[in-house]
Amino acid sequence: MTQTKPSWMSDIDQLRRYLHQYPELSGEEHETAAFLARSLQKLEPAQLIEGIGGCGMVAVFDSGHPGPSVLFRTELDALPIQEVNDFDYRSTKENIAHKCGHDGHMAVMMGFARALYHHPPEKGRALLLFQPAEEIGAGAEWMLKDETFDQVLPIDYAVAFHNLPGFPLGTIVCKEGPFSSSVQSLIIRLNGKTSHAGEPENGINPAMAIAEIIKEADIACQPNIEEEGFAILTPVHIHMGEVAYGVSAGYGEIHLTIRTKTEEEMQALSDRLLSYAGRVSQKYGLQLDTEWTNVFRTTQNDPEVTGIIQQAAADNGLEYHAKDWAFKWGEDFGAFTQQFKGAMFGIGAGEDHPALHNPDYDFPDAITPVGIDMYRRILEHLLERTD
């Protein structure tokens, strides 16, 4: 990838590194949002709507002329991971760091805002959305369900990107249809009866039920995303009783993360698992309680918008990789593509770059101008649409 950065890009790089130093967890992005709001105000958007779904906000760059409204999304939150890097802008917070690159995504959005300040859209609107709590699959719904979000409507198109370690630096990665998987987590709670470990017959221990549910989850797995029925069910946490060797446990819980290609497959698999858990709990005389959490909808890429992303890559002289299968990870942007015509694409962060969610990961500043230029060209193409 060869690309010359404009002189003002050094300011955007510094902004990114500042954000990297002061990360905040999902739902707690108050200082991050306030810092970005102050920076955005200097770029004179027609509106800056703050406090949507908590820390979310939207900067509206309005031409004042009829035309499509195009939403671009970035994330605000960091991860509960201890950084191991030793560069001078490393995280200042214990066990909190930008290990998914949201600091870089925000930098791209701020660079895009700066470009819009100097070259406003000739028609329609560009809506720059800053979303909280992406990492827990909640922030998009928080914003969409907030009545304040109605001020942003209507929305004709929605676009976002994610950096992708493992792909050549600056390569644009996209596909029609599912781009990221449907992912959600299930908490299964099993209430029995505590008893003396020497007299387990006087209690109801959930151990066998836990074992059978884990086995059923393993049977339901089909981890090859290239085949029909793709599903990954991962036990992420198990708890039963206490470290008390004279006590037979009377309570246990299992946390599972479930991944499928589509929402329909997720519903079918969820129904199967809940039905099985119900039968097992009844078999062992346990009371069953379940809870869904960290719900990520499938990011469904619209063919029209996907085609425009490919055209923007060509316009910018960038290599384009059409992916065959959806990524296995979840993306909260799916909540937007379930409601609006949109698409997500990836930008390669380097084939040997540290992986996402790893303690040594850092967003590569070299792809910041790639993201800005992609957003600019995508906006130009979408604003030409008159439907």
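Refer to the structure printed above.
Now for a look at the structure at hand. (Residues numbered from 1 in each chain as written. Predicted model: local features only at pLDDT ≥ 70, side-chain atom pairs only at ≥ 80, totals over all residues. Heavy atoms only, no water.)

A short note on the environment of Leu129
The topology assignment puts Leu129 in strand β4 (residues 125–131). Sequence spacing of Leu129 and Ser26 is 103 residues, and the spatial spacing of their C-alpha atoms is 16 Å. Contact partners of Leu129, with chain neighbours within four places excluded, come to Met57, Val58, Leu71, Phe72, Arg73, Thr74, Met109, Met143, Phe149 and Phe336. (Helix = DSSP H or I, 4+ residues; strand = E, 2+ residues; numbered from the N terminus. Contact = heavy atoms within 4.5 Å.)

A closer look at the sheet that holds strand β13 (residues 287–296)
Across the sheet, which stays open at both edges, the four strands sit in the order β10-β12-β8-β13 with antiparallel pairing between neighbours. Edge positions in the sheet fall to β10 (231–240) and β13, since each has one partner strand and no second. Strand-to-strand twist of the sheet, defined as the mean angle between neighbouring strand axes without regard to direction, takes the value 20°. In the sheet, β10 pairs with strand β12 (residues 251–260) via nine bridges, with the strands oriented antiparallel. Along β12, the bridge assignment pairs Leu233 with Ile258. Packing against the sheet, helix α5 (residues 207–219) makes contact with β8 (182–191), β10 and β12, and its axis sits at approximately 165° to β10. Where helix α6 (residues 263–283) meets the sheet, its contacts fall on β8, β10, β12 and β13, and the angle it forms with β8 comes to roughly 10°. (Pairing = 2+ DSSP bridges. Axes fitted to C-alpha atoms, helices over the stretch in contact; angles between N-to-C directions.)

As for the packing of aromatic side chains
One pass over the structure, following the stated rule, counts 14 aromatic pairs. Geometrically, the ring pair formed by Tyr18 and Phe35 is tilted, given 4.6 Å between the ring centres and 35° between the ring planes. On the criterion of sequence distance, the pair formed by Tyr18 in helix α1 (residues 9–21) and Phe35 in helix α2 (residues 30–41) is long-range, its members being 17 residues apart. With a relative accessible area of 35%, Tyr18 lands in the partly exposed category. Using a relative accessible area of 18% as the deciding quantity, one classes Phe35 as buried. Both rings, one in Phe87 and one in Tyr89, keep their centres 4.0 Å apart while their planes meet at 15°; by these two values the pair is stacked. An aromatic cluster is defined as three or more aromatic residues linked by ring pairs; in this entry it consists of Phe72, Phe112, Phe161, Phe345 and Tyr375. (Phe/Tyr/Trp six-rings, centres within 6.5 Å; stacked < 30°, edge-to-face > 60°. Buried < 20%, exposed > 50% of the residue type's maximum accessible area, 1.4 Å probe, protein only.)

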